[in-house]
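# Observations on chain architecture
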Amino acid sequence: MSAHNYLEVKKLNVSFPTEDGLVAATSDLTFSLARGETLAIVGESGSGKSVSSLAIMGLHNRARTNISGEVILNLPTGSLELLSSSEDTVRDLRGKEMAMIFQDPMSSLHPYFSVGAQIAEAWLLHNKGNKSDGLKRAIEMLELVGIPLPVERVHDFPHQFSGGMRQRVMIAMALVNNPSLLIADEPTTALDVTVQAQILKLLRDMQKEFNMAIILITHDLGVVAEFADRVNVMYAGKNVEEAPVRDLYYKPAHPYTLGLLRSIPRVDQIDTHRLQTIPGQPPSLINLPMGCAFAPRCPYKELVPNNLCTTKNPELSNFADNHLTRCHLTHDQIESVR
Amino acid sequence: MLKFVSRRLLSSLIILIVISATVFIIFNYLPFDPARLACGKHCTPEIVSGNRHRLGLDVSWWMQWWEYLKGIFVGRTYGQGAAMFTCPAPAFGYSFNQHACVSTILASALPVTVSLAIGAFIMWMFLGVGLGVISARFRNTWIDRASNIFVLVGTSLPTFISGLLILLFIVLKFNLISPLDLGQWHSPLTAPWEWFTSFFWPWLSLALIYAATYTRFTRSNVIETSSEDFIRTARAKGVSERKVLWKHTLRPALAPILTIAGLDFAGLLGGAIITEQIFQLPGLGRLTLQAALQDYDLPIIVSTTILAATFVVVANLIVDLAYAFLDPRIRVK
Amino acid sequence: MNQPVLELKNLKKHFISSNGVFSRNKTTVKAVDGIDMTVNSGETVGLVGESGCGKTTVGRTVLKLYEPTSGSIIFDGEEITNFSPRQMKPVRSKLQMIFQDPYSSLNPRHTIGSIIASSYEIHGIHPEGGVKKAVQNLLDRVGLNPEHINRFPHEFSGGQRQRIGIARALALRPKLIIADEPVSALDVSIQAQVVNLLDDLQKEMGLSYLFIAHDLSVVQHISDRVIVMYLGKIMEEAKTSQLFLNPRHPYTKALLSAVPIPDPEIERNRERIVLSGDLPSPANPPSGCVFSTRCWKATEKCHQIAPPLVEISIGSKVACHFPEGN
């Protein structure tokens, strides 16, 4: 399996020292990803999904963040572990091998530079050429992502574009160096649904064109169902379940995933019953509870003997083929509560 | 852009006209009479009314105002016959106290104030902005802490204390400027070194408090801008830390500082009263102070007030245009 | 049930902005451009549309946070269109609002007890058993610990803050609550809790809701009737099941097909309409039907004549020359 994996993340831990204590934003995160594949990382705010992706990109300030584990890129030239590489090495990979787009395209684009200048900068950082080469490349990219009149609009500033067009500009900038990995952090959350549909379609087209691996970070299970090949569900900094997309929706193996899927209304079904809810709140990341972080909200913890759920942290284990879960419940117990 | 500039020019002009009229209205209702004050000890009602006529005070405030505005463009003539004299354009009135055209008096005071303002401005911008950027870049290190102490001391020392301290314990104590030479004007064109040495200490005392404020402001602006999403985007593209700071962070971080700097500079051009007083510099500040407190010299007060207002309005205009040049969101609507 | 609590008749709210003191150029944004709607007692009406469609402006105009440009607002049988702020005061006790961002709508320096109690003070109401008891009852009712009455907003999570906002709105036993994106800032698992709470409170207190949201799946769950807006106008209005299962307006259809369904098999096999282009600027709306520039069915007629909102089956109104379905 790992032979053709492009990205491998092993036991990634990210924590921030704060005045109130150590915030364990991500703990023990493991996953891998091949080119052309899309992995969705799903979770609520504070689940560690964005923090993890910034750690992969090397975008945390090393002086103020504790990061451990391994992030391995399998490049044509050989494998490279990023966390132990120098900052210069990682910076050189950013924007070339791995690129990222963000939730709010307005604040993510520099307000003082034209979109052409910003895309050209991304290209010139990793290619030899002059400014006019960069601008030419920017126009090509704008055209590729479907911005009308790219030759004219290349000189416009971000505030002169609509929200959807700005996200297209961000995508053009991220893809200008033909990266192998794209991390999309809530790329459509700030957009209207009709525009969201356009952007997701664009991302899918681009993925085919460039054979990229995509990590899609989102809280929207609808977007995941539409877009992802595999899903990684995170809760309180840990990945609690990982499965191919269909398995996750039709055979969820973690009580949290189960609860999430049951609590969302749908537009294609008229429901008159009450929504099922997950009671309580996500835990604070400073003083995580003993045992499973989800245990305080879990309706099935009584099924596990000896208070195991509140005393011992479950390990990520095989539930089925390619299907991992971090839960003390037995296979049969999960089947029966589903 | 052209439309923006012309519109701003027009509104600046209107503001200036309104300000000058306001100045005349205010002084018209002040309870002292320049004609009476110019009269001296052996005063008769005839002399007072003659003075009033010669000073042009025997007409309504708006006529006085109109004459004043007209004088700026065509010059002004006072008195009749042998006693007639003319202040050529631009005329800002005549000071009977000093027996000189106000324009002449201003012309000798202005270079002093401009020298003081420019030097202090350059000094505090380099010191304040530079230190601010450095302490933001090396936040929470000893450099940052040292600059914090500077900010604390600088902002809590008002100019009349720092100026006096510098004068007494550095300049006079080490005889850097001879007390007799204090306040002597040297033209930067003919005696640049003397000009520089005579202004260095006034610059420093004036720049200290500004530099401290600007350090704090720059530091917080740079830190705030560094946490913007677009800075994260720059890093995600692979931009080096040095370029992140110089190209992506500084422009948006310093643009608001420019606004304040322009207005502070314009305020100084109106006269740095305290510093000029301490270092005996014959600039606009001292001129105004003397005219207002000792001589009740109305033509001078009116003119320095209007001049100070003009500097602020013009600086405002320049700052707006510069901001529009820096920030495309304002430029292109 | 069929007693109307709120009626809007040809309501318009135009914003006029000038480009500067010396400029004659004035831009008129027709944020709400002639809408009719009714909210009945005990009913939840969902008001949906994309950003810039005017749904938030409708809510704020009804609350008289904006002065309506023309048309009329009838609340509880009383025409309040031209009420002064003083006249509005008694109305406000019956007409409350819940905001999207629960944090910025709660004063950070006040305890949640005093935030909720201020509703009573402003209206000079002395609840039975005292203010403190009433506040504690409300906190209990919205699922917060009544003992937390002396805590400050920042000590609560997002979902809990929204419960505080709901408790404040409920204090005066209103007839209608205008809820503007009340759950869109909340996490999925918390959203469901708040939606259920709103449901329960409605049953218990006979409340009516005008539920303004962009999230169609939440609107589907909570609403009895749904109104779809686009560029300041109503495109379609229908019973929830009718609107979601058999949309008649092309825009509604496109909107629904753009919402991803959390079911990979269905999601990947359904037909999808991807609208081209962006929402036109509300300052410069298209002539004729406002949706005509993005509609795949638009003809010359659509570009020239704006279709009126007409009832095409019982309880279902559409503003379209060529409605979908049957």
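Residues numbered from 1 in each chain as written. Chains lettered and ligands numbered in written order. Predicted model: local features only at pLDDT ≥ 70, side-chain atom pairs only at ≥ 80, totals over all residues. Heavy atoms only, no water.

## As for the pattern of salt bridges
Using the criterion set out here, one finds 38 salt bridges over all chains in the structure. Across the salt bridge formed by D320 of chain B and R8 of chain B, the nearest N and O atoms sit 2.5 Å from each other. Here D320 of chain B is found in helix 13 (residues 298-326), whereas its partner R8 of chain B is found in helix 1 (residues 2-28), with 312 residues between them in sequence. Take D320 of chain B: its relative accessible area is 26%, and that puts it in the partly exposed class. Here K233 of chain C and D33 of chain C are joined by a salt bridge, their closest N and O atoms 3.3 Å apart. Separated by 200 residues along the polypeptide, K233 of chain C in strand 10 (residues 233-239) and D33 of chain C in strand 2 (residues 26-40) bring together distant segments of the chain. On the basis of relative accessible area, K233 of chain C is assigned to the partly exposed category, the value being 26%. With relative accessibility at 14%, the residue D33 of chain C sits in the buried group. Here the residues in one salt-bridge network are R204 and E226 of chain A together with E267, R270 and R272 of chain C, joined through shared partners. (Salt bridge = Lys/Arg side-chain N within 4 Å of Asp/Glu carboxyl O. Helix = DSSP H or I, 4+ residues; strand = E, 2+ residues; numbered from the N terminus. Buried < 20%, exposed > 50% of the residue type's maximum accessible area, 1.4 Å probe, protein only.)

## Comments concerning helix 1 of chain B
Along an α-helix, residues three or four apart share an orientation, since each turn contains 3.6 residues. Residues and elements named next belong to chain B. The end-to-end C-alpha separation of helix 1 is 39 Å, in line with the 39 Å expected for 27 residues at 1.5 Å each. Regarding helix 1, the residues found buried are R8, S11, S12, S20, A21, V23, F24 and F27. Here the buried face of helix 1 lies against helix 4 (61-74) and helix 13. (Expected span 1.5 Å × (residues − 1). Contact = heavy atoms within 4.5 Å.)

## Things to note about the interface of chain C and chain A
Tallying the contact residues gives 42 residues for chain C and 46 residues for chain A. For the pair chain C and chain A, the summed buried area comes to about 4,000 Å², and 55% of that belongs to carbon and sulfur atoms. At the surface where chain C touches chain A, the tally comes to four salt bridges. At the junction of chain C with chain A, the criterion picks out 23 residue pairs in polar contact (both at pLDDT 80 or more). If you list the elements that add at least two residues to the side of chain C that touches chain A, you get helix 6 (188-205), helix 7 (216-222), helix 8 (240-245), helix 9 (250-258) and helix 10 (264-269) of chain C. A per-element tally of the side of chain C that touches chain A places helix 6 of chain C first, with eight residues. Among the residues making up the side of chain C that touches chain A, the classes are represented as 19 nonpolar, 13 polar and ten charged. (Buried area = accessible area lost by both parts, 1.4 Å probe. Polar contact = N/O pair within 3.5 Å; in protein donor to acceptor, adjacent residues only side chain to side chain. Nonpolar A, V, L, I, M, F, W, Y, C, P; charged D, E, K, R; others polar.)

## Focus on the interface of chain A and chain B
You'll often see interface size given as the accessible area lost when the parts meet. Counting from both sides, the interface comprises 28 residues of chain A and, opposite them, 24 residues of chain B. Regarding the contact of chain A and chain B, the summed buried area is about 2,400 Å², with carbon and sulfur atoms giving 60% of it. Summed over the shared surface of chain A and chain B, the number is two salt bridges. Among the salt bridges present, the one from K247 of chain B reaches E121 of chain A, with a minimum N-O distance of 3.2 Å. At the junction of chain A with chain B, the criterion picks out twelve residue pairs in polar contact (both at pLDDT 80 or more).

## Here's the deal with the packing of aromatic side chains
All names here are of chain B. Throughout the structure, instances matching the rule amount to 22 aromatic pairs over all chains. Between W185 and F199, the aromatic rings sit 6.1 Å apart at their centres with planes inclined by 75°, giving edge-to-face as the arrangement. In this pair, W185 sits in the loop between helix 7 (159-172) and helix 8 (192-226) while F199 sits in helix 8, placing the two residues 14 residues apart along the sequence. Pairing F200 with W201 gives two aromatic rings, centres 5.0 Å apart and planes at 90°, and the pair type is edge-to-face. (Phe/Tyr/Trp six-rings, centres within 6.5 Å; stacked < 30°, edge-to-face > 60°.)

## Considering helix 5 (residues 131-144) of chain A
Residues and elements named next belong to chain A. Between its first and last C-alpha, helix 5 extends 20 Å over 14 residues, near the 20 Å set by a 1.5 Å rise per residue. Taken together, the buried positions of helix 5 are G134, R137, A138, I139, M141 and L142. Packing partners of the buried residues in helix 5 comprise helix 4 (115-124), helix 6 (150-153) and helix 7 (163-175). In the segment just after helix 5, G146 is the residue with positive phi, at about 85°.

## Things to note about the nonpolar core
Side chains of a nonpolar character, in soluble globular proteins, are inclined to be buried together. Among the nonpolar cores identified, the biggest contains 72 residues, and L7, F31, I56, I171, L181, L182 and I215 of chain A are the most heavily contacted of them. For this core, the leading source of residues is helix 7 of chain A, giving eight residues. Other than its neighbours up to four places away in sequence, L182 of chain A contacts A99, M100, I101, A174, L175, L203, M212, A213, I214 and I215 of chain A. If you look at the next biggest cluster of nonpolar residues, it comprises 66 residues, including A117, F156, L198 and A254 of chain C. (Core = buried A, V, L, I, M, F, W, Y, C linked by side-chain atoms within 4.5 Å.)

## Structural notes on the domain arrangement of chain B
All names here are of chain B. One can read the domain layout of chain B as domain 1 (2-102) and domain 2 (106-331). Centre-to-centre separation of domain 1 and domain 2, based on C-alpha positions: 33 Å. Counting residues at the interface gives 22 residues for domain 1 and 22 residues for domain 2. Between domain 1 and domain 2, the buried area comes to about 2,000 Å², and carbon and sulfur atoms account for 76% of it. Contact with domain 2 buries area across many residues of domain 1, yet R8, F27 and V102 alone supply 25% of it, more than any other trio. Between the two partners, domain 1 and domain 2, sit one salt bridge. Here domain 1 is connected to domain 2 by five residue pairs in polar contact (both at pLDDT 80 or more). Counting only elements with at least two residues in the side of domain 1 that touches domain 2, the list comes to helix 1, helix 2 (34-37) and strand 3 (94-95). No other element matches the twelve residues that helix 1 contributes to the side of domain 1 that touches domain 2. (Domains from an automatic or database assignment.)

## What to know about the layout of surface pockets
Over the atoms a probe the size of a water molecule is rolled, and this reveals where empty space is left. For the second largest pocket, the calculated volume is near 1,200 Å³. Forming the boundary of the second largest pocket are 33 residues, of which L59, H60, N61 and R64 of chain A together with R235 of chain B lie nearest the centre. Mapped by element, the contributors of at least two residues to the lining of the second largest pocket are helix 1 (49-57) and helix 2 (87-93) of chain A together with helix 5 (102-137), helix 8, helix 9 (229-237) and helix 10 (241-269) of chain B. Here the lining of the second largest pocket is built from residues that sort into 13 nonpolar, nine polar and eleven charged. (1 Å grid on protein atoms, 1.4 Å probe; cavity = no way out; pocket = protein on both sides within 12 Å on 5 of 7 lines; lining within 4 Å. Points joined across faces, edges and corners; volume = space filled by probe spheres on them.)

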